[in-house]
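This is what each chain is made of:
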Amino acid sequence: MLQFITHRNNRFADEAAGVEKVLQGGCRWVQLRMKEASAPQIMEQGRAIGRLCRSYGATFILDDRVEMVEALGADGVHLGKNDMPVHEARALLGPDKIIGATANSFDDIRMAVAAGADYIGLGPFRFTTTKAKLSPVLGLEGYADIMQKCRLEGINIPIIAIGGILADDMAQIMATGVSGVAISGAILNAADPIAETRKFL
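What counts, and at which threshold
Residues numbered from 1 in each chain as written. Predicted model: local features only at pLDDT ≥ 70, side-chain atom pairs only at ≥ 80, totals over all residues. Heavy atoms only, no water. Helix = DSSP H or I, 4+ residues; strand = E, 2+ residues; numbered from the N terminus. Contact = heavy atoms within 4.5 Å. 1 Å grid on protein atoms, 1.4 Å probe; cavity = no way out; pocket = protein on both sides within 12 Å on 5 of 7 lines; lining within 4 Å. Points joined across faces, edges and corners; volume = space filled by probe spheres on them. Nonpolar A, V, L, I, M, F, W, Y, C, P; charged D, E, K, R; others polar. Axes fitted to C-alpha atoms, helices over the stretch in contact; angles between N-to-C directions. Parallel < 35°, antiparallel > 145°, perpendicular 65-115°, else oblique. Left-handed = near helix turned anticlockwise from the far one by under 90°. Phe/Tyr/Trp six-rings, centres within 6.5 Å; stacked < 30°, edge-to-face > 60°. Buried < 20%, exposed > 50% of the residue type's maximum accessible area, 1.4 Å probe, protein only. Pairing = 2+ DSSP bridges. Core = buried A, V, L, I, M, F, W, Y, C linked by side-chain atoms within 4.5 Å.

Novice: What exactly am I supposed to notice about the environment of Ser105 here?
Specialist: Tracing the backbone through its elements, the reader meets Ser105 in the loop between strand 5 (98-103) and helix 5 (106-115). Measuring from C-alpha to C-alpha, the distance between Ser105 and Gly142 comes to 8.6 Å, with 37 residues separating the pair along the chain. Apart from the residues lying within four places of it in its own chain, the contact partners of Ser105 are Leu122 and Ile146.

This is the structure:
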């Protein structure tokens, strides 16, 4: 599974323009993340990206903004460790919306699963400039260790690796047992984002 996370890139007019390239490359999961933006800005981009995702049959996830999920027709929300707790979001959104949770450790995963998360964004793999307040870097050994603990405890929801991942890392990362990766800068900064998306896939 390849998840794409938006960020503002000077090469594109807006987030939606970057998303269109990624969808053209075959990615079918988009998370709109605009941490510093106003609600009207997020709504504007969310409407455009929602239309794109629907036209490509892609899953559309909002970062953090639980209150906008219904208005934008999003498929769900991704919650960071400082965002609304997973159980509160589940109570508001109901059983049918997707809720993802950020984790940096096995204990984080266990708590998120108990609270009702549908998938986990586990990271960071390495240092990345697209995320402020970065948690401790996990590396390959960290992923392998956490995935082994998940198997032992019977935790089988998708675990998505995130944080500074490049196409050349894919074989080693997937070998740890994760379900997929979340990518932002490595695709948008590539010379050909469409080709780079295909390379990751």
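Novice: Can you walk me through empty space enclosed by the protein in this structure?
Specialist: Over the atoms rolls a probe the size of a water molecule, and its path tells where empty space is left. Considering all chains together, one arrives at 1 cavity of 30 Å³ or more under this definition. In this structure, the largest cavity occupies an estimated 30 Å³ of space. If you trace the largest cavity, you find it lined by Phe4, Thr6, His7, Asn9, Phe12, Asp14, Glu15, Gly18 and Leu188. In the lining of the largest cavity, the residues fall into 3 nonpolar, 4 polar and 2 charged.

Novice: Help me understand the packing of helix 1 (residues 15-24) against helix 9 (residues 193-200) in this model?
Specialist: Working note: a packed helix pair is described by the angle between its axes plus the distance between those axes. Running from N to C, helix 1 and helix 9 cross one another at 50 degrees; their axes reach a closest spacing of 7 Å. The pairing of helix 1 with helix 9 is recorded here as oblique in orientation. Of the two possible hands of crossing, helix 1 and helix 9 adopt the one that is right-handed. The residues of helix 9 that touch helix 1, namely those facing Lys21, Val22 and Gln24, are Pro193, Ile194, Thr197 and Arg198. Considering only residue class, the contact of helix 1 with helix 9 consists of 3 nonpolar, 2 polar and 2 charged.

Novice: Could you clarify how one ought to interpret the packing of aromatic side chains in this entry?
Specialist: The relation between two aromatic rings is expressed through the spacing of the ring centres and the mutual angle of the planes. Inspection of the entire model under this criterion finds 2 aromatic pairs. Between Trp29 and Tyr119, the aromatic rings sit 5.3 Å apart at their centres with planes inclined by 85 degrees, giving edge-to-face as the arrangement. Of the two residues, Trp29 is situated in strand 2 (residues 29-32) and Tyr119 in strand 6 (residues 119-122); the sequence distance between them amounts to 90 residues. An identical accessibility class is assigned to Trp29 and Tyr119; each is buried. Here Phe125 and Tyr143 contribute two aromatic rings whose centre-to-centre distance is 6.2 Å and whose plane-to-plane angle is 45 degrees, an arrangement assigned as tilted. Of the two residues, Phe125 sits in the loop between strand 6 and helix 6 (139-153) while Tyr143 sits in helix 6, which places them 18 residues apart along the sequence. Residue Phe125 shares its accessibility class with Tyr143, and that shared class is buried.

Novice: What should I look at first to understand the sheet that holds strand 6 in this one?
Specialist: For sheets, the rule is that strands pair by backbone hydrogen bonds, running either parallel or antiparallel. If you walk around this closed barrel you meet the 8 strands as 1-2-3-4-5-6-7-8, and the pairing is parallel. Between one strand and the next, the sheet's axes are offset by a mean angle of 25 degrees, whatever the strand orientation. Alignment of strand 1 (residues 2-5) against strand 8 (residues 180-183), held across 3 bridges, turns out to be parallel. Paired with Leu2 across the strands is Val181, a residue of strand 8.

Novice: Please explain the nonpolar core as it appears in this structure.
Specialist: Soluble globular proteins tend to bury their nonpolar side chains together. By size, the foremost hydrophobic cluster in this structure holds 60 residues, and its most contacted members are Ile109, Ile120, Leu122 and Ile165. A per-element tally of this core places helix 2 (residues 39-56) first, with 6 residues. Setting aside chain neighbours within four positions, we find Ile120 in contact with Ala101, Ala103, Ile109, Ala112, Ile157, Pro158, Ile159 and Ile160. Ile5, Trp29, Ile61 and Ile160 belong to the second-largest nonpolar core, a separate cluster that totals 6 residues.

Novice: Help me out: how do you make sense of the pairing of strand 3 (residues 59-63) in this one?
Specialist: Sheet faces and side chains relate simply in a regular strand, where the side chains alternate between the two faces. Counting buried positions along strand 3 yields 5 of 5 residues, so the element is predominantly enclosed. Taking every second residue as pointing to the same face, both faces of strand 3 are buried, with Thr59, Ile61 and Asp63 on one and Phe60 and Leu62 on the other. Inspection of the sheet shows strand 2 paired to strand 3 by 4 bridges, in the parallel sense. Among the inter-strand pairings, Gln31 is bridged to a residue of strand 3, identified as Ile61. Inspection of the sheet shows strand 3 paired to strand 4 (residues 76-79) by 3 bridges, in the parallel sense. In the sheet register, Asp63 faces strand 4, and the bridge partner there is His78.

In short, shape yes, function no, at least from these values alone.
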